Amino acid sequence: MTVGFYQHRESSVHRLNPLTKLTLAVAVVIAAFAVPLTWWPAALFLVVLVPAVLAARVPARFAALTVKFVGPLLVAVFLVQGLFFPGEGAELARLGPISVKAEGLAFAAQTATRLLVLIGAFLFLLLTTHPGVLMNAMVQRGLPPNISYVVSATLQIVPAFRERAQHILRAQQARGMATGGGLRRRIGVLLPLIGPLALGALTEVEERAVAMEARAFGATGRRTSLMPVPDTTAQRLARWGLAAFAAATIVANALGVFA
Amino acid sequence: MIELDDFSYAYPTGSRPALRSLRLAVPAGQLCGVVGPSGAGKSTFAHALAGFIPHALGGETAGRVVVGGRTVADTPLPDLVRDVGLVLQNPFNQISGVKFTVREELAFGLENLGVPQEEMVRRVDAVLAELRIEGLADRSPYQLSGGQQQLVALGSVLVMRPSVLVLDEPTSQLDPVGSGQVFDAVRALHRAGVTIVLVEHKLERLAEIADRVLVLRHGEVALDGPPATVLADPRLADWGVAGTRYTAAARLARERGLWPEDRDLPVTLDAAVAGFRAVTGGVESR
Amino acid sequence: MIRIDSLVYRYPTGVTALDGVSLRVEPGERVALIGRNGAGKTTLARHLNGILRPTAGSVHVDGWDTAEHTVAELAAKVGYLFQNPDEQLFARTVAEEVAFGPRNLGYPGDRRARLVRRALEDTRLTGLEEVHPYQLSLAERKRVALAAVLAMDTPILVLDEPTTGADHAGVRDVAAAVSELAGRGRTVLAVTHDMDFCAENFDRIVVLAGGRIVRDGSPDEVFRAGADLAQAGVEPPQLMRLSEALGWSRPATTVDAFVDRLASR
Ligand SMILES: Nc1ncnc2c1ncn2[C@@H]1O[C@H](COP(=O)(O)OP(=O)(O)OP(=O)(O)O)[C@@H](O)[C@H]1O
Ligand SMILES: Nc1ncnc2c1ncn2[C@@H]1O[C@H](COP(=O)(O)OP(=O)(O)OP(=O)(O)O)[C@@H](O)[C@H]1O
Ligand SMILES: [Mg+2]
Ligand SMILES: [Mg+2]
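Thresholds, definitions, all that
- Residues numbered from 1 in each chain as written.
- Chains lettered and ligands numbered in written order.
- Predicted model: local features only at pLDDT ≥ 70, side-chain atom pairs only at ≥ 80, totals over all residues.
- Heavy atoms only, no water.
- UniProt positions renumbered as here; feature names shortened; annotations may be inferred.
- Axes fitted to C-alpha atoms, helices over the stretch in contact; angles between N-to-C directions.
- Helix = DSSP H or I, 4+ residues; strand = E, 2+ residues; numbered from the N terminus.
- Parallel < 35°, antiparallel > 145°, perpendicular 65-115°, else oblique.
- Left-handed = near helix turned anticlockwise from the far one by under 90°.
- Contact = heavy atoms within 4.5 Å.
- Nonpolar A, V, L, I, M, F, W, Y, C, P; charged D, E, K, R; others polar.
- Patch = residues over 30% accessible without salt bridge, like charges linked within 9 Å, V, L, I, M, F, W, Y side chains within 5 Å.
- Areas by Shrake-Rupley, 256 points an atom, 1.4 Å probe, with all protein chains shown as cover.
- Salt bridge = Lys/Arg side-chain N within 4 Å of Asp/Glu carboxyl O.
- Expected span 1.5 Å × (residues − 1).
- Buried < 20%, exposed > 50% of the residue type's maximum accessible area, 1.4 Å probe, protein only.
- Polar contact = N/O pair within 3.5 Å; in protein donor to acceptor, adjacent residues only side chain to side chain.
- Donors = N, O, S within 2.8 Å, 3.2 Å for Na, K, Ca; no water.
- Phe/Tyr/Trp six-rings, centres within 6.5 Å; stacked < 30°, edge-to-face > 60°.
- Lys NZ or Arg CZ within 6 Å of the ring centre and 35° of its normal.
- Near = heavy atom within 4 Å.
- Pairing = 2+ DSSP bridges.

- The name given to chain C in an unreviewed UniProt entry is ABC transporter domain-containing protein, and the organism recorded there is Gandjariella thermophila.
- On record in UniProt, under Sequence similarities (unreviewed entry), the comment for chain C is "Belongs to the ABC transporter superfamily."
- On record in UniProt, under Subcellular location (unreviewed entry), the comment for chain C is "Cell membrane".

- In the nomenclature of an unreviewed UniProt entry, chain B is known as ABC transporter ATP-binding protein of Gandjariella thermophila.
- Quoted straight from UniProt, the Subcellular location (unreviewed entry) entry for chain B says "Cell membrane".
- Regarding chain B, the UniProt comment filed under Sequence similarities (unreviewed entry) reads as follows: "Belongs to the ABC transporter superfamily."

As structure tokens, then:
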């Protein structure tokens, strides 16, 4: 298994308590979805996430992964919401049965930027936080270790599969299977991977569960930490502030402030 | 300390039982070697002692395994692992995957047990020094050679100081000098009173430290006794276990009339040196 | 034939695993690569089928520069046994696993069938064709991995710890395969920690230490290096230690040689 998307850097963001980053990510996502102003999610992305990612010195990886994950979603959102928006509104262009309305485009833009914030916020968390440290921090806060493990393991599933896929691919190439080339070829290559992947990953997970148990992972009672995750009063305050901010956006929306 | 009472086990997908009606007892403080051909059930046996059978692996069991007075099947795994440490055969699978450095990886079990931090640091440093892997302390546990990873996997269990230690081929990927260091460490634990079950193919080293050796074959105990007797047994080769070169040389010498019929075959270097000195009329002849 | 020139390899983490290795291995030669854990043996082995590419220097196999070919192309030249069988196996059954290589290499059906059958026989897996590899013990899985490589029938074989965990019969299988392959002019390079196996089955031993070759010669020459040897993490095989302890001037490396010498005293 790998350490997920994690990119090791010396940065103040990396040194933050993982819970602070987790709170930030969740708060930004809540705020993005709570406030129905079209420009709002984009603003959050530019004002909060982009500076955070720059401070963490992971902009290139962040950009690459964002494009990879958000790109296809963007296309889908614009096609569905932009072109087939069902509501009323001024028609900007028409092509047979398809009409492009300003409202549709605005709605699409909002949905797309919300997704951008959602994915961006979690990528920010994953890129700057070692899953083990996140797990440690959660255990230290008194979360049951099994739940903490599930959370941190879930965050690692994609990379674990990717890693396993790479192993298999390498083993197959070492026995003469050519890869690369056109799309059909690529799909052809992926097919033989699917079976072994699911199976191999399952066996691996099972063995690892045994290994974790062998190291008293399931033990109840107080836990200690070799490297306690540092926390500061400032961060604690910041977390409360973020929670309050997220709550405020929900309340404000409910009260019709943005209507 | 360890007792198997007519214990049998079959894997969920296995067509035949991997362990059959095992009856044996390992007293506290004994170092019991386990040898046998591939597929004999050595790893399965190790998993059963540590409670992974039946708790983690499913399948069907009959009879019981008792460790430290507790029936394994009735004791929750977390309670069991406080006393029984298991080092897996494939070290890669022992790495937790949630730690960033070898040092933290070694501490993982201690964190789970709630060992105080200063104590944890002391124990981790001691294991790093004992296995001579201080140089790897700050490396990622995944960016190591196979043998280095095996040392880390071993250390991660040693650091927990279990009173019963089950080691499944802990030196299979180690260089000769590293293997020697691990055998020294095992010997030290044995002297300190730890009960040890050691699955091993390096018979010439096992012979030097074991109190007793079991030969497993088709999930059954084919032979059980002191290493000097068991490891010199002529049937071992037929059962797929290679004896030491010392035994083989003495056996061939006996066939050619160069080794007296009534002299035991040696299983260790020391015994071989004494024996061949005697037969060549060297100083040690008695 | 293998030709390695001034090979340097640095992992992305900054560890220099190979630090100027040059080595030639001729067809029909059996070479064992030994050395301390972390000496760079696996890193070297992985260069031979292109899984790793030199940071500096070059690697040629059977006349091909590995830098100019894909791993899949190189598979026609080099069969590579992984140190960890679980990294190598992916198929649902033993038979599929073993047939995978020859199928990709495009061998005609009858040759393919023959190679697969032969490989299964040589590793005593006949009868286990339909078993899932994950239902086998670790040493049995290593045997499946070996069969998968043997079935490719390549001019060069690179075996990373082929006898790890193997029992008596397993070690004998590997020994027989190695000598049979060399007899047919194949180039065999095996990484191993088993000094007895290595002294009994290889003509030439290369000792790697800290990413450099520190010794290269016949078992007799290499194992008499004394203190140097321990520095490289290795020690002489059992019978050499015994003959040395007995004060023999010419130590024996095999059981037969040992007893012959004993008889001649
Ligand atoms: N997960 C599994 N499912 C089904 N059968 C299994 C499984 N693991 C092992 N077996 C079978 O159980 C038997 C004993 O396996 P085990 O791993 O205990 O052997 P071993 O003596 O440790 O061998 P080795 O020396 O190769 O490690 C073998 O026949 C094996 O095929
Ligand atoms: N994926 C990796 N990333 C970074 N460093 C690595 C990686 N794999 C191995 N190393 C390091 O490179 C060096 C050589 O490793 P290699 O695996 O080649 O050793 P080896 O001689 O095969 O050892 P062993 O006998 O233990 O298998 C070691 O210091 C090791 O820690
Ligand atoms: Mg086993
Ligand atoms: Mg290696």
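Alright, that's what it looks like, and here's the rest.
1. Here we look at the packing of helix α10 (residues 245–255) of chain B against helix α11 (residues 238–245) of chain C
Right, on to step 1. Between α10(B) and α11(C), whose axes approach to 9 Å, the crossing angle comes to 70 degrees. Here α11(C) runs roughly perpendicular to α10(B), going by the angle between their axes. In terms of crossing hand, the pair formed by α10(B) and α11(C) is right-handed. Judged by residue contacts, Arg245(B), Tyr246(B) and Ala249(B) of α10(B) engage Gln238(C), Leu239(C), Arg241(C) and Leu242(C) from α11(C).
Right, on to step 2. Partitioned by chemical class, the residues of the contact of α10(B) with α11(C) number 4 nonpolar, 1 polar and 2 charged.

2. Some thoughts on a nonpolar patch on the surface
All names here are of chain A.
Right, on to step 1. The grouping of Leu74, Val75, Phe78, Leu79, Val80 and Leu105 at the surface amounts to a nonpolar patch, some 480 Å² of accessible area in total.
Right, on to step 2. By residue number, the principal contributor to the nonpolar patch is helix α4 (residues 59–84), which donates 5 residues.
Right, on to step 3. One can find valine 75 in helix α4.

3. Brief notes about helix α7 (residues 176–191) of chain B
Side chains of residues three or four places apart in an α-helix project in the same direction, reflecting 3.6 residues per turn.
Residue and element names in this part refer to chain B.
Right, on to step 1. With 16 residues, α7 extends 22 Å between its outermost C-alpha atoms, agreeing within 8% with the 22 Å of an ideal straight helix rising 1.5 Å per residue.
Right, on to step 2. Where α7 is concerned, the buried positions are Pro176, Gly178, Ser179, Gly180, Gln181, Val182, Phe183, Ala185, Val186 and His190.
Right, on to step 3. The opening residue of α7 is aspartate 175, an N-cap whose side-chain oxygen sits 3.1 Å from the backbone nitrogen of valine 177.
Right, on to step 4. Immediately beyond the C-terminal end of α7, within one or two residues, lies glycine 193, with a positive phi of roughly 100 degrees.

4. Things to note about the coordination of the magnesium ion (ligand 4)
Residues and elements named next belong to chain C.
Right, on to step 1. Bound to the magnesium ion (ligand 4) are the protein donor atoms Thr42 (OG1) and Gln83 (OE1), situated 1.9 to 2.2 Å from the metal. Of this pair, threonine 42 sits in helix α1 (residues 41–48) while glutamine 83 sits in the loop between β6 (78–81) and α3 (85–88); the two residues are 41 residues apart in sequence, bridging distant segments of the chain. Glutamine 83 carries the same exposure label as threonine 42, and that label is buried.

5. Re the packing of aromatic side chains
Right, on to step 1. Tallying each qualifying case throughout the model produces 13 aromatic pairs over all chains.
Right, on to step 2. Considering the side-chain rings of Trp40(A) and Phe245(A), the 6.4 Å spacing of their centres and the 55 degrees angle between planes classify their relative orientation as tilted. With Trp40(A) in helix α3 (residues 40–55) and Phe245(A) in helix α9 (residues 233–254), this pair connects stretches of sequence that are 205 residues apart.
Right, on to step 3. The rings of Trp259(B), Phe276(B), Trp248(C) and Phe258(C) are connected pair by pair, giving a single aromatic cluster.
Right, on to step 4. Cation over ring: Lys77(C) sits above Trp64(C), and NZ or CZ is 4.7 Å from the ring centre.

6. Describing the site of ligand 2
Right, on to step 1. The environment of ligand 2 is formed by 22 residues, the closest being Arg139(B), Ser145(B), Gln148(B), Thr42(C) and Thr43(C).
Right, on to step 2. Lying at an intersection of chains, ligand 2 is approached by residues of chains B and C.
Right, on to step 3. In the model, an oxygen atom of ligand 2 is placed 2.6 Å from a nitrogen or oxygen of the Ser145(B) side chain.
Right, on to step 4. Starting from 630 Å² of accessible surface for ligand 2 in isolation, the protein chains cover 90%.
Right, on to step 5. Of all the elements in the fold, those that place two or more residues in the shell around ligand 2 are α6 (146–158) of chain B together with α1 of chain C.
Right, on to step 6. Looking at side-chain class alone, the shell around ligand 2 contains 5 nonpolar, 13 polar and 4 charged residues.

7. Focus: the sheet that holds strand β9 (residues 212–217) of chain B
Residues and elements named next belong to chain B.
Right, on to step 1. Spatially, β6-β7-β8-β3-β9-β10 is the arrangement adopted by the 6 strands of the open sheet, whose pairing is mixed. Two strands lie at the open edges of the sheet, namely β6 (84–87) and β10 (220–225), each paired on one side alone. Going from strand to strand, the sheet's axes swing by 15 degrees on average, the running direction of each strand aside.
Right, on to step 2. In this sheet, strand β7 (residues 164–168) lies alongside β6 in parallel orientation, the contact comprising 4 bridges. Each residue of the ladder has a partner; that of valine 84, found in β7, is valine 164.
Right, on to step 3. Against the sheet, α6 touches β6 and β7, its axis set at about 175 degrees to β6.

8. A closer look at the environment of Ala107(B)
Right, on to step 1. On the secondary structure map, Ala107(B) appears in helix α4 (residues 102–113).
Right, on to step 2. Along the backbone, Ala107(B) and Met120(B) are 13 residues apart, and their C-alpha atoms lie at a distance of 6.7 Å.
Right, on to step 3. Apart from residues no more than four positions distant in its own chain, Ala107(B) is found in contact with Leu226(A), Met120(B) and Val124(B).

9. Some details on the interface of chain C and chain B
A common way to state how big an interface is: give the accessible area lost once the parts meet.
Right, on to step 1. Listed by partner, the interface residues are 45 residues for chain C and 43 residues for chain B.
Right, on to step 2. At the junction of chain C with chain B, the criterion picks out 3 salt bridges.
Right, on to step 3. Between Asp260(C) and Arg256(B) there is a salt bridge whose closest N-O contact spans 2.9 Å.
Right, on to step 4. When contributions to the side of chain C that touches chain B are tallied by element, the ones reaching two or more residues are α6 (138–150), α7 (168–183), α8 (195–201), α11 and α12 (255–263) of chain C.
Right, on to step 5. No other element matches α12(C), which puts 7 residues into the side of chain C that touches chain B.
Right, on to step 6. The class makeup of the residues in the side of chain C that touches chain B is 18 nonpolar, 14 polar and 13 charged.

10. Notes on the site of ligand 1
Right, on to step 1. What surrounds ligand 1 is a group of 21 residues, the closest being Lys42(B), Ser43(B), Thr44(B), Gln89(B) and Ser137(C).
Right, on to step 2. Ligand 1 is flanked by residues contributed from chains B and C.
Right, on to step 3. Between ligand 1 and the protein, one listed contact pairs an oxygen atom with a backbone N or O atom of Gly41(B) at 2.9 Å.
Right, on to step 4. Here an oxygen atom of ligand 1 and a side-chain polar atom of Gln89(B) are 2.9 Å apart.
Right, on to step 5. Burial of ligand 1 by the surrounding chains reaches 87%, relative to a free accessible area of 640 Å².

11. A short note on the side chain of Arg46(C)
Right, on to step 1. For Arg46(C), the position within the fold is in helix α1.
Right, on to step 2. A distance of 3.2 Å separates polar atoms of two side chains, one belonging to Arg46(C) and the other to Glu87(C).
Right, on to step 3. Each residue touching Arg46(C), except ones within four places of it in the same chain, is listed here: Arg170(A), Ile51(C), Leu52(C), Tyr80(C), Phe82(C) and Glu87(C).

12. Comments concerning the coordination of the magnesium ion (ligand 3)
Tetrahedral metal sites with four donors have an ideal angle of 109.5 degrees; octahedral sites with six donors have ideal angles of 90 or 180 degrees.
Right, on to step 1. Every protein donor of the magnesium ion (ligand 3) is accounted for by Ser43(B) (OG) and Gln89(B) (OE1), and the metal-donor separations fall at 1.9 to 2.3 Å. With a gap of 46 residues between them, Ser43(B) in helix α1 (residues 42–49) and Gln89(B) in the loop between β6 and α4 connect regions that are remote in the sequence.

13. Topic: unusual backbone geometry
Both trends apply: most residues other than glycine have a negative phi, and most peptide bonds are in trans.
All names here are of chain B.
Right, on to step 1. Of note, the bond from isoleucine 53 into proline 54 is cis; its omega dihedral lies within 30 degrees of zero at 5 degrees.
Right, on to step 2. Here proline 54 lies in helix α2 (residues 52–55).
Right, on to step 3. Its identity as a non-glycine residue notwithstanding, serine 21 has a phi of 35 degrees, on the positive side.
Right, on to step 4. Phi at histidine 218 is positive, roughly 50 degrees, even though this residue is not glycine.

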